[in-house]
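A structural walkthrough
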Amino acid sequence: MNYLILLAFACATTALAATYHLDPASGRLENDGSPEKPWPALEQVIKAGLIQARDTSGELFHPAGPIRAGDRLRLRDGYHGNILLNGYHFPTSLVVEAEAGQHPRLARVMLRGGSHWVFSGLDISPAYAPTTDKATIFAVLAHDKYGPASWISVEHCRISSNPTGAVWTTTNEWLEQACDGITLDGDHCRAVSNTVRLVAWGIQLGGVSNYAGYNLIEHFRGDGLRTMNHYEVAEYNTIRNAYLVDENHMDGIQGFFRRKPGREVRGVVIRGNVITRHENREAPLVSPYLQGIGFFDGPFVDCIFENNTVTADSHNGLSVYNAIRCRIIGNTIQGDPGQTAADQARIVLGCKSAYGTEVRDNQIISNRCDRLIVAPEATNTLIEGNTVGVHSR
């Protein structure tokens, strides 16, 4: 994209930023978007070409569209549709948000390419659509035609396959109805303070420098959260209530490189997350185990794992393999009440020979766990101040 064009576009539009109102019940396309004369549902506004943007080459499309970079779209109560945005690039963020005191509903949001969007305060579920499918509920994807995706945020939203909140009790219900929650495959994308419930996989970070913080992820059948690229941060998320409905081995947080295990990952931070296998161990289909934080397929370089709390029946409480200059500091890894000796909550600094034998210059400091295991291949490991039931090397 021609970023000089975008810069000029930003200077021209920021000073003229406007706020528009969308109301599915009373809005009309011929209105002006004011509080008294709102436009209709967001899907209609997009299809009518009211949003002016640039494509991946910097060319303007919908040039007569009144909605421009830096504007705010405030959504009122009602159903705003199934949102598909193909290659809408902005130099400054277009904000799509709930109007104060309102509860707008959408079926899903998908951006194929695009940059500088914020979605805030929305209730998003495929159950709101006339017909449903299994696509991801909120997805940001790079695209061959519509270009890369970047600087897109989803915040304070309610993401759920089943907005009634009723937890499914059969395997078929989970397999047929649970969609993935949030997938961010663009760069510099953020998922902040969302509630992600009743999903397959919770939040998946696939782009460079993505962020997931302060989210609640609960009632899931896959992994709670995945980091799959360099310099991603997952912090202060609450991840709980895993269900076993297939052969997937579930992780609270799992890290690797974009579905290509064995490629180096750098600079990931996993901080302050609270991971709990289940609050009600008698509920139908409760998973008998949950791996806490699993970084199995490295190498992992200059990563930080600090101040996380994991309560789960799995010996992989916090496991990092083929680590170089990583820090494991201040974590509490504990088993469920009544756990067996075989499932002692462990911190593991491991080595998979398939990904090399280099494990060096790591720190394991001030953690609490039942057992600490350090691979024999590890060199120059600083271990101090840990409270450990059994220390094995």
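In what follows, the accompanying structure is described. The written sequence of each chain sets the order in which its residues are numbered from 1. Local features in a predicted model are, by the rule used here, given only for residues with pLDDT of at least 70; side-chain atom pairs are given and counted only at 80 or more, and totals for whole chains, interfaces and linings are based on all residues. In computing side-chain values, all of the structure's heavy atoms are included and hydrogens and water are not.

Next up on the list: the packing of aromatic side chains. Ring pairs are drawn from Phe, Tyr and Trp, using the six-membered ring of Trp, whenever the two centres fall within 6.5 Å, and their geometry is named by plane angle: stacked under 30 degrees, edge-to-face over 60, tilted for the rest. All told, the structure shown has 12 aromatic pairs when counted by the stated rule. On the numbers, 4.7 Å between centres and 35° between planes, the contact of Tyr-20 with Trp-39 is tilted. Here Tyr-20, found in strand E1 (residues 19–22), pairs with Trp-39, found in the loop between E1 and helix H2 (42–47); they are 19 residues apart in sequence, far enough to count as distant. When the ring of Phe-90 is compared with that of Trp-117, the centres are 5.2 Å apart and the planes differ by 65°; the resulting orientation is edge-to-face. Here Phe-90, found in strand E7 (residues 89–98), pairs with Trp-117, found in strand E10 (residues 114–120); they are 27 residues apart in sequence, far enough to count as distant. Here's how the labels work: a residue is buried when its accessible area is under 20% of the maximum for its type, exposed when over 50%, partly exposed in between, all with a 1.4 Å probe on protein chains only. According to the relative accessible area criterion, Trp-117 is buried, its value standing at 2%. An aromatic cluster is present here, built from Phe-61, Tyr-88, Phe-90, Trp-117, Phe-119 and Phe-138 joined pairwise through their rings. Helix and strand definitions follow DSSP, with helices as H or I runs of at least four residues and strands as E runs of at least two, each counted in order from the N terminus.

A separate point is the nonpolar core. Within the largest apolar cluster, 83 residues are counted, with the highest numbers of intra-cluster contacts made by Trp-117 and Phe-138. Not counting residues up to four positions away in its chain, the partners in contact with Phe-138 are Val-109, Leu-111, Phe-119, Ile-124, Val-154, Ile-159, Gly-181, Ile-182, Thr-183 and Leu-184. Here, the term nonpolar core denotes a set of buried Ala, Val, Leu, Ile, Met, Phe, Trp, Tyr and Cys residues that are joined through side-chain atoms within 4.5 Å. Grouped together as the second largest cluster of nonpolar side chains are 8 residues, Trp-174, Ala-178, Ala-200 and Val-245 included. Here, two residues are considered to be in contact whenever any of their heavy atoms come within 4.5 Å of each other.

Right, let's get into the pattern of salt bridges. When a carboxyl oxygen of Asp or Glu lies within 4 Å of a side-chain nitrogen of Lys or Arg, that pair is called a salt bridge. Scanning the model with the defined rule gives 20 salt bridges in all. Note that Glu-97 and Arg-74 form a salt bridge whose closest N and O atoms lie 2.7 Å from each other. Highlighted residues: Glu-97 in strand E7 and Arg-74 in strand E4 (residues 72–75), separated in sequence by 23 residues. Ionic pairing is found between Arg-258 and Asp-185, a salt bridge with its closest N-O pair at 3.7 Å. Residue Arg-258 is found in the loop between strand E24 (251–255) and strand E25 (265–266), and its partner Asp-185 is found in the loop between strand E15 (182–184) and strand E16 (190–192); the two are separated by 73 residues along the sequence.

For Ser-125, the location among the structural elements is in the loop between strand E11 (123–124) and strand E12 (138–141). Look at Ser-125 and you get buried, because its relative accessible area is 0%. Polar contact is defined as a pair of N or O atoms within 3.5 Å, subject to the rule that within protein one atom must be able to donate a hydrogen and the other to accept it, and that residues adjacent in sequence are counted only when both atoms are side-chain atoms. There is a polar contact of 2.8 Å between the side chain of Ser-125 and the backbone oxygen of Ser-160. If sequence neighbours within four positions are ignored, Ser-125 has contacts with Leu-106, Ala-107, Ile-137, Ser-160, Ser-161, Asn-162 and Pro-163.

Within E10, 7 of the 7 residues are buried, leaving the element largely enclosed by the surrounding structure. A pair of strands is treated as paired once DSSP finds two or more bridges between them. Across 5 bridges, the pairing between E7 and E10 is parallel. Paired with Val-96 across the bridge in E10 is Phe-119. Here E10 pairs with strand E13 (residues 149–155) via 6 bridges, running parallel. The residue of E13 that forms the bridge with Trp-117 is Ile-152.

With that out of the way, let us pick up the pairing of strand E23 (residues 238–242). As judged from the 4 bridges shared by strand E20 (residues 216–220) and E23, these two strands associate in the parallel manner. Residue Leu-216 lies in a different strand from E23, and its bridge partner there is Thr-238.

Tracing the backbone through its elements, the reader meets Asp-123 in strand E11. The buried charged residue Asp-123 lacks any salt bridge, with Arg-158 as its nearest oppositely charged partner at 4.0 Å. None of His or the chain ends enter the tally, which takes Lys and Arg as positive and Asp and Glu as negative.

Here we come to the environment of Glu-43. The residue Glu-43 is located in helix H2 in this model. Classification of Glu-43 by relative accessible area gives partly exposed; the value is 22%. In the structure, Glu-43 is positioned 38 residues away from Gly-81 in sequence and 5.2 Å away in space, judged by C-alpha atoms. Setting aside anything within four residues of it in sequence, one finds Glu-43 in contact with His-80, Gly-81, Asn-82 and Ile-83. In this structure the side chain of Glu-43 is engaged in a polar contact, spanning 3.0 Å, whose partner is the side chain of Lys-47.

This part takes up the environment of Trp-174. Secondary-structure assignment places Trp-174 in helix H3 (residues 171–177). For Trp-174, a relative accessible area of 0% puts it in the buried group. Separated by 26 residues in the primary sequence, Trp-174 and Ala-200 place their C-alpha atoms 7.9 Å from one another. Sequence-distant contacts of Trp-174, defined by excluding residues within four places in its chain, comprise Val-167, Trp-168, Leu-198, Val-199, His-219, Phe-220, Arg-221, Tyr-243, Val-245 and Leu-285.

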